[in-house]
Amino acid sequence: MELVVKDISFGYNKNVNVLDKVSFSVRSGEVLGILGPNGTGKTTLLKCINNIIKYRSGDIYFNGQSLSGLNQIEMAKIIAYVPQYINNMFPVSVIDTVLMGRLPYSRYGYSEDDRKIAFDTIRIMNLEKFAFRNIMEMSGGERQRVLIARAMVQQPKIITLDEPTSSLDLHNQLFILKLVSKTNNISIIMTIHDLNLASMFCDNLLMLKDSHVFAYGKSQEVINEKNISEMYNVNTKVSIVDGFKHVRLLKE
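Now for the sheet that holds strand 1 (residues 2-10). With respect to topology, four strands assemble into an open sheet ordered 2-1-4-5, the strand pairing being antiparallel. Looking at the sheet topology across the chains shown, the edges are occupied by strand 2 (19-27) and strand 5 (65-66). Here strand 4 (residues 57-62) runs beside strand 5; their pairing, made up of two bridges, is antiparallel. Paired with Tyr61 across the strands is Ser66, a residue of strand 5. Strand contacts of helix 1 (residues 42-49): strand 1, strand 2 and strand 4, with the helix running at about 65 degrees to strand 2, the strand carrying the most contacts.

What follows is the structure in structure tokens.
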């Protein structure tokens, strides 16, 4: 199975492209990290992949089939989206929120299988003690874990995550990234700012700059002092620690 993004362009007005002919592919089980300074279109790219916004040109294919003509239910069975922020959530329990991931498969209410999948995922995500808590009473990091659980319950082929570690402490950053990077046969596409975490958990990296693909390839090849300097205008020292690239910021 493979997702192919081919020459995607998008702009919020007709004169300026936020994304300009962006192309890449993700195979089954791979983790792709999307890097770039603020405002380079990382979140916009995820929304294009999920058909939340309509791109101007190009196309996106899954196993050779264009996704542009699929309805919401068909899309939901292929791709799940976990946004960075949700400000309009309703005061419902964690279990009810997670069960929403089964909606593409549940035409006449949730089945016992749906409930089993939801509770199994809640256990995997270490959310058992929160299962019947109002989600509005949880911290931002805890709520983020609930949204990731909802995406997993959806049982898609691809999960897209917008900065999944931004609200998490160090322990939960590692917990979430270890979990999603080992999800069998599910591809992961995530935006991420932490270069060291990207090095540890991403198979491939896509760097965006000035609306274009600046660099794309194996994470251990893409992360280097030259690319980081040109992308972020900072000086770094890149070394190899435990087999992964490690980035250290320099004061000057």
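From this point, things continue past the structure.
A separate point is helix 5 (residues 140-153). Since the α-helix packs 3.6 residues into each turn, any two residues three or four apart lie on the same face. Helix length check: helix 5, at 14 residues, gives a terminal C-alpha distance of 20 Å against a target of 20 Å (1.5 Å per residue), a fit within 8%. Of all 14 residues in helix 5, eleven are buried; the element is thus mostly enclosed. Buried within helix 5 are the following residues: Gly141, Arg143, Gln144, Arg145, Val146, Leu147, Ile148, Ala149, Ala151, Met152 and Val153. The inward-facing, buried residues of helix 5 abut strand 6 (79-82), helix 3 (94-99), helix 4 (112-124), strand 7 (158-162) and helix 6 (170-181). Gln155 sits one or two positions beyond helix 5 and adopts a positive phi of about 50 degrees.

All right, on to helix 1 then. When you tally the buried positions in helix 1, you get six out of eight residues, the bulk of the element. Just beyond helix 1, the residue with positive phi is Asn51, at close to 60 degrees.

For the structure shown, the criterion picks out two aromatic pairs. On the numbers, 6.3 Å between centres and 50 degrees between planes, the contact of Phe119 with Phe132 is tilted. Taken together, the positions of Phe119 in helix 4 and Phe132 in the loop between helix 4 and helix 5 put the pair 13 residues apart, joining distant regions of the chain. You can call Phe119 partly exposed: its relative accessible area is 35%. The exposure class assigned to Phe132 is exposed, which follows from its relative accessible area of 67%. Taking the ring centre of Tyr55 as reference, the NZ or CZ of Lys54 above it sits at 4.3 Å.

Right, let's get into a nonpolar patch on the surface. A cluster of nonpolar residues, Leu174, Met200 and Phe244, forms a patch on the protein surface that exposes about 230 Å² of accessible area. Its place among the elements puts Met200 in helix 7 (residues 195-201).

Take the packing of helix 5 against helix 6 next. The description of two packed helices rests on the angle between their axes and on the distance between the axes. Put simply, helix 5 and helix 6 touch, their axes get as near as 12 Å, and they point 5 degrees apart. With respect to helix 6, the element helix 5 is oriented roughly parallel. Counting all contacts with helix 5, which are made through Arg145, Ile148 and Met152, the residues of helix 6 involved are Asn172, Ile176, Leu179 and Val180. Taken together, the residues of the contact of helix 5 with helix 6 sort by class into five nonpolar, one polar and one charged.

With that settled, the discussion passes to unusual backbone geometry. Glycine aside, residues mostly have negative phi, and peptide bonds are mostly found in the trans state. Non-glycine residue Lys21 carries a positive phi angle of around 55 degrees. Inspection of the secondary structure puts Lys21 in strand 2. Of note in the backbone geometry, Asn126 takes a positive phi value of approximately 55 degrees without being a glycine. Relative to the helices and strands, Asn126 resides in the loop between helix 4 and helix 5.

Rules used in this analysis
Residues numbered from 1 in each chain as written. Predicted model: local features only at pLDDT ≥ 70, side-chain atom pairs only at ≥ 80, totals over all residues. Heavy atoms only, no water. Pairing = 2+ DSSP bridges. Helix = DSSP H or I, 4+ residues; strand = E, 2+ residues; numbered from the N terminus. Contact = heavy atoms within 4.5 Å. Axes fitted to C-alpha atoms, helices over the stretch in contact; angles between N-to-C directions. Expected span 1.5 Å × (residues − 1). Buried < 20%, exposed > 50% of the residue type's maximum accessible area, 1.4 Å probe, protein only. Phe/Tyr/Trp six-rings, centres within 6.5 Å; stacked < 30°, edge-to-face > 60°. Lys NZ or Arg CZ within 6 Å of the ring centre and 35° of its normal. Patch = residues over 30% accessible without salt bridge, like charges linked within 9 Å, V, L, I, M, F, W, Y side chains within 5 Å. Areas by Shrake-Rupley, 256 points an atom, 1.4 Å probe, with all protein chains shown as cover. Salt bridge = Lys/Arg side-chain N within 4 Å of Asp/Glu carboxyl O. Parallel < 35°, antiparallel > 145°, perpendicular 65-115°, else oblique. Nonpolar A, V, L, I, M, F, W, Y, C, P; charged D, E, K, R; others polar.

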